[in-house]
Amino acid sequence: MADAVTTAPSSSSPARTFILPGDPLRPPDTHVDVRTQELQINMGPQHPSTHGVLRVAIWVDGEIVTRADPDIGYLHRCAEKIGESVTNIQYVPYTDRYDYLAAMNNNLGYCLAVERIAEVEVPERAQYIRTIAVELNRIASHLMAVGTYGLDVGAFTPFFYAFREREEILRILEWICGARLTYNFIRIGGVMRDAPEGWIPDILKFLDLFESRLDEFNDLLTHNHIFVQRTANVGVITLEDALAYGITGPMLRGSGLRYDLRREAPYLLYDRFEFDVPIGTGIKGQVGDCWDRYWVRILEMRESARIVRQAITQMPAGEIMAKNVRHLAFKSKPGEGYLGTENPRGELGYYLISEGQPNSYRSRIRAPSFCNLSILGKLLPGTMLADAVAIIGSTDIVLGEVDR
Amino acid sequence: MTTQEIKQALEKDGLGAGLSLFEGPKDPAIVVPREQLVKVARHLRDARHLAFDLLIMVTGTHMIEKRDAKGVVVREPGFELIYHVRSVKNRALLAFKVKLPIGDPTVDSVSAIWPAADWHERETFDLVGITFKGHPDLRRILLPDDWEGHPLRKDYAYPKAYRDINLEVDPPWPTP
């Protein structure tokens, strides 16, 4: 059957005949009618490895993917239309629902964009609380990414270890805002409430534990031979491709570019903290393979923990909310602008046009998963079908954000 | 690099024809005539002193006519396309705009220059209804293929039904 697999067929080709070599029961000149043709497979929208409702139409030739066409929009909720019809303050809870694994970061991106146009001064204490909240949420989001990634390639146990830590973070975030997934905690002008008594010591206690548990996680999954075999040298994105397809965040850094908006275009107070920007260096395979993208996320969790510690030490006392935005009909100033923030998945940007009304004239979300997903059509052809799962998992998409 | 400096650089390289500067109350942008778009975009990416290699976002806005208190038209109706690009090397973010008339919302695609534009242009086509000439695969991306109309247009009428699903609500949808 070797011939049948290596000959590239096309769907329009008629039935072809092959001589099967080496079959002792058949005379050597017998012709057998073997039909080869491309097969189209629908991966999703209910497939668990697509992390939501992504449908990828995959054309396969045997086990090799020849063409892939991601089909999105199953979770489309008219985000941008809603952004035009509700007021800026009413829109904050909607932003939770886009990237629901990093809701704090979404709140932050939108609030910063509105504050920039409306020229709202946010008190310093609020900025520190914001930093702590978004960095903890980044850790939770990365834990979800690496945990489910293990699940995608067949490692079930590490998932529970990742979720044990994530649960702690959700408990900490629930403590301060009362919700576990969609927080609506960061508001335009500040944050919803001040750090409660005992919250900060609890975070420190968690961080101490977390760093040692990350080592445990590395032993379990990161250096696991089977996991490395499934992910190293698979789905390599070169730096040129990454830039051309507008890829940002851990995926871009996995391809070897030290580019983090917290460094390149600091927002909030990130210029006050010391932290490294980890990049993929091809330890287990090539630069930009699935393992590198995974490894960047693991290293970033440590950096986030470092930032939280520094933020806790530097945090001053004071107000947590700007004075002039405490009513729903808060009017922005006329103007238009774009602000990009570093989400766990990449650059989350909000482009807003304001006409001085309580609502925006145009509110556009630049969702990182949307752009990161668009490379799939280029990345999948030529890989094995089983690797398609590993590659989709390594992009760490959230469909709520892709479809908006 | 500020937007003003980038515009001067483009003028120095002989691409200044028809360029103007949009200076809104917040972020400035270069306004590019639509005939020049592909030429300017290619230069922005390829010129070594500019090197805008990372396309962040493409989107369109339906601008309705705006009059001031005296009834003088301060903004003509039309479509505005806005492109955001980053230069990794120069640590710069640039916004440039293309203005399109209401009757003919077509523009050349930049997806050959930045492949990232592929999906963004499909989304803009889907939601705002701008046609990109030369796009390899221009079809709806978020809405179903048989959807009618482009929801982000300001004159979009909510459909009464889609296939067999009744979409009418009581009270009716608010009109912004």
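Residues numbered from 1 in each chain as written. Chains lettered and ligands numbered in written order. Predicted model: local features only at pLDDT ≥ 70, side-chain atom pairs only at ≥ 80, totals over all residues. Heavy atoms only, no water.

### Notes on the overall build of chain B
Scanning chain B from terminus to terminus reveals three helices and 11 strands. Listing every helix and strand of chain B by position from the N terminus yields α-β-β-α-β-β-β-β-β-β-α-β-β-β. Along the first, second and third principal axes, the C-alpha atoms of chain B reach 60 × 45 × 25 Å. When each of the 176 residues of chain B is scored for burial, the buried share is 49%. Each charge class in chain B was averaged separately, 25 positive and 26 negative side chains, and the resulting centres sit 6 Å apart. (Helix = DSSP H or I, 4+ residues; strand = E, 2+ residues; numbered from the N terminus. Buried < 20%, exposed > 50% of the residue type's maximum accessible area, 1.4 Å probe, protein only. Lys, Arg positive; Asp, Glu negative; His and termini not counted. Charge placed at Lys NZ, Arg CZ, Asp CG, Glu CD.)

### Notes on the confidence of the model for chain A
Of all residues in chain A, 91% attain a pLDDT of 70 or more, and the chain-wide mean is 85. In the predicted structure, residues 1–10 of chain A sits below a pLDDT of 50 and forms 14 contacts with residues beyond four places in sequence or in another chain. (pLDDT = per-residue confidence, 0-100. Contact = heavy atoms within 4.5 Å.)

### Regarding helix 2 (residues 37–46) of chain B
Residue and element names in this part refer to chain B. Listed in full, the buried residues belonging to helix 2 are Leu 37, Val 40, Ala 41, His 43 and Leu 44. Projected onto a plane normal to the axis of helix 2, the buried residues spread over an arc of 165 degrees and lie on a single side. In this fold, the buried residues of helix 2 make contact with helix 1 (3–12), strand 6 (78–87), strand 7 (92–100) and strand 8 (106–108). (Arc of directions from axis to C-beta.)

### A closer look at the side chain of Gln 310 of chain A
Residues and elements named next belong to chain A. Position of Gln 310 among the secondary structure elements: in helix 12 (residues 290–314). Reaching out from Gln 310, the side chain makes a polar contact with the backbone oxygen of Glu 274 at a distance of 2.6 Å. With residues up to four places along the chain from it excluded, the contact list for Gln 310 reads Arg 272, Phe 273 and Glu 274. (Polar contact = N/O pair within 3.5 Å; in protein donor to acceptor, adjacent residues only side chain to side chain.)

### Section: helix 7 (residues 199–222) of chain A
Looking at helix 7 of chain A, one finds that the buried residues are Trp 199, Ile 200, Asp 202, Ile 203, Phe 206, Leu 207, Phe 210, Leu 214, Phe 217, Asn 218, Leu 221 and Thr 222 of chain A. Buried residues belonging to helix 7 of chain A abut helix 5 (124–152), helix 6 (157–177), helix 8 (225–231) and helix 12 of chain A.

### Concerning the pairing of strand 8 (residues 334–343) of chain A
All names here are of chain A. Counting buried positions along strand 8 gives nine out of 10 residues, so the element sits mostly inside the fold. Note: strand 8 against strand 9 (residues 346–355), 10 bridges, orientation antiparallel. Across the sheet, residue Leu 339 finds its bridge partner in strand 9, namely Tyr 350. As consecutive antiparallel partners, strand 8 and strand 9 are separated by two residues. (Pairing = 2+ DSSP bridges.)

### What about the sheet that holds strand 5 (residues 64–71) of chain A?
All names here are of chain A. Strands sit in the order 3-4-5 across an open sheet of three strands; the sheet is antiparallel. On the outer flanks of this sheet lie strand 3 (39–43) and strand 5, each paired with one strand and no other. Adjacent strand axes in the sheet meet at a mean angle of 20 degrees when their direction is disregarded. Relative to strand 4 (residues 55–61), strand 3 runs antiparallel, the two sharing five bridges. Looking at the pairing, Met 43 lines up with Val 56 of strand 4. Strand contacts of helix 15 (residues 385–395): strand 3, strand 4 and strand 5, with the helix running at about 150 degrees to strand 4, the strand carrying the most contacts. (Axes fitted to C-alpha atoms, helices over the stretch in contact; angles between N-to-C directions.)

### A closer look at the interface of chain A and chain B
Between chain A and chain B, the residue contacts involve 42 residues of the former and 42 residues of the latter. Across the chain A/chain B interface, buried area totals approximately 3,800 Å², and carbon plus sulfur atoms make up 58% of it. Taken as a group, Lys 81, Glu 336 and Tyr 361 of chain A account for 18% of the area that chain A buries against chain B, more than any other trio of residues on that side. Where chain A packs against chain B, one counts 10 salt bridges. Two residues, Arg 364 of chain A and Glu 123 of chain B, come together in a salt bridge whose shortest N-O distance is 2.8 Å. The tally of links from chain A across to chain B stands at 20 residue pairs in polar contact (both at pLDDT 80 or more). The element contributing the most residues to the side of chain A that touches chain B is strand 8 of chain A, with six residues. Grouping the amino acids of the side of chain A that touches chain B by side-chain chemistry returns 19 nonpolar, eight polar and 15 charged. (Buried area = accessible area lost by both parts, 1.4 Å probe. Salt bridge = Lys/Arg side-chain N within 4 Å of Asp/Glu carboxyl O. Nonpolar A, V, L, I, M, F, W, Y, C, P; charged D, E, K, R; others polar.)

### Section: the pairing of strand 9 of chain A
Across the 10 residues of strand 9 of chain A, nine count as buried, placing the element largely inside the fold. Following strand 9 of chain A, the chain reverses through four residues before pairing antiparallel with strand 10 (residues 360–366) of chain A; Gly 356 of chain A in that reversal takes a positive phi of roughly 80 degrees.

### Side note on the confidence of the model for chain B
Residues and elements named next belong to chain B. Looking at chain B, the pLDDT average stands at 86 and 97% of residues meet or exceed 70. Mean pLDDT across the secondary structure elements of chain B bottoms out at strand 5 (residues 73–75), with 80, and peaks at helix 3 (residues 117–127), with 92. For this predicted complex, the interface score ipTM comes out at 0.88, alongside a pTM of 0.86.

### Description of the pattern of salt bridges
All names here are of chain A. Counting across every chain of the model gives 50 salt bridges over all chains. The closest approach of N and O atoms between Glu 119 and Lys 333, which form a salt bridge, is 3.0 Å. Of this pair, Glu 119 sits in the loop between helix 4 (103–118) and helix 5 while Lys 333 is found in the loop between helix 12 and strand 8, placing the two residues 214 residues apart along the sequence. What makes Lys 333 partly exposed here is its relative accessible area of 39%. Between Arg 253 and Asp 260 there is a salt bridge, with its nearest N and O atoms 3.7 Å apart. Neither residue differs from the other here; Arg 253 and Asp 260 are each classed as buried. A network of salt bridges, in which partner residues are shared, links Glu 135, Arg 138, Arg 253, Asp 260, Arg 262, Glu 300 and Glu 342.

### Quick word on the packing of aromatic side chains
Residues and elements named next belong to chain A. The full count for this structure, using the stated rule, is 20 aromatic pairs over all chains. Their ring planes at 35 degrees and their centres at 4.5 Å tell us that Phe 159 and Phe 163 sit as a pair that is tilted. In this pair, Phe 159 and Phe 163 both sit in helix 6, four residues apart, roughly one turn of the helix. Among the residues examined, Phe 159 registers a relative accessible area of 16% and is labelled buried. (Phe/Tyr/Trp six-rings, centres within 6.5 Å; stacked < 30°, edge-to-face > 60°.)

### Notes on the sheet that holds strand 8 of chain A
Residues and elements named next belong to chain A. Spatially, three strands are ordered 8-9-10 in an open sheet, and the strand pairing comes out antiparallel. Looking at the sheet topology across the chains shown, the edges are occupied by strand 8 and strand 10. The mean angle between the axes of side-by-side strands here comes to 10 degrees, regardless of whether they run parallel or antiparallel. The sheet contacts of helix 4 involve strand 8, strand 9 and strand 10, and relative to strand 8 the element is tilted by about 150 degrees.

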